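Listed below, chain by chain, are the residues.
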Amino acid sequence: MSMTKELSVLRRSTPIGWLPRSVCVAAAVCLVGCAVEPTFDGGSADTGAGTGSFSAGCVSHSDCGAQLVCVASACQSAFPRTYVFAFESAQIAKYDANNESWDGFGGAPDVAASLVVDGKVVCTTSTVQDSFDPVWSESCEVELFQTSSVSVRMTDKDVTADDVIGDIVLGTPLSDSVIKGGGIAGTTGDPQLLAAAIGVTLK
Ligand SMILES: [Ca+2]
Ligand SMILES: [Ca+2]
């Protein structure tokens, strides 16, 4: 249906003063409000184009059900798929679990973040020296499966043995809330690792 046609239909059927929740033209292209509209692939016996079936259209992952993601306007399985983890920032408590300074003489921690999948470190950021508020601009990507356990570990890098600051469990598999929320941002509830921001997107 052409834009003109669709809009004229809306004009005819929409009472004055009432705004449509969404204005969808040309199948899944959403102009206003971005609600999910089913799309018809236009099956044609004459041309052989399409299969003539409906599928759930989507604009964002939150339009899709559990363990589904929105790819090319269609809800598809979230796994297996490659995800990009963008390490942005963290906020570290003044003292460690023993209520002692992270480093000697009241020193602040030297913080690095690692992506851990199935117990193995996939990648580690650079270390931000002497900071309770480390900021990174680094990312890494990894293919995740239905069975993959995913977490992020923050570490205080020391000359001798590193100290674990805290772990953020992101789920087995990577949780729907993380995927649909585009990552995590905010407080963690961990007394040492107070807050973190990590972006999670599809590659
Ligand atoms: Ca230390
Ligand atoms: Ca230090």
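(A) Region of the structure containing the environment of Ser60. Note that Ser60 resides in the loop between β4 (54-56) and β5 (68-71). With 13 residues separating them along the chain, Ser60 and Ser73 place their C-alpha atoms 8.1 Å apart.

(B) Focus on the nonpolar core. Ranked by internal contacts, the top residues of the largest apolar core, which has 30 residues, are Ala90, Val111 and Ile198. Those elements giving two or more residues to this core turn out to be β5, β7 (81-92), β8 (111-117), β11 (150-156), β12 (163-171) and β14 (193-202).

(C) Inspection of the confidence of the model for the protein at higher detail. Confidence in the prediction of the protein, expressed as mean pLDDT, is 83, and 72% of residues score 70 or more. This model gives residues 1-35 a pLDDT under 50, and the stretch forms 27 contacts once residues within four places in sequence are excluded.

(D) Spotlight on the pairing of β7. One ladder, built from eight bridges, connects β7 with strand β10 (residues 135-144); its direction is antiparallel. Note that in β10 the partner of Ser89 across the bridge is Val135. For β7 and β14, the ladder comprises nine bridges, and the chain directions are antiparallel. Bridging across to β14, Ile92 finds its partner in Leu193.

Basis of the calculations
Residues numbered from 1 in each chain as written. Chains lettered and ligands numbered in written order. Predicted model: local features only at pLDDT ≥ 70, side-chain atom pairs only at ≥ 80, totals over all residues. Helix = DSSP H or I, 4+ residues; strand = E, 2+ residues; numbered from the N terminus. Core = buried A, V, L, I, M, F, W, Y, C linked by C-beta atoms within 7 Å. Buried ≥ 20, exposed ≤ 12 C-beta atoms within 10 Å, placed from the backbone. pLDDT = per-residue confidence, 0-100. Contact = placed C-beta atoms within 7 Å. Pairing = 2+ DSSP bridges.

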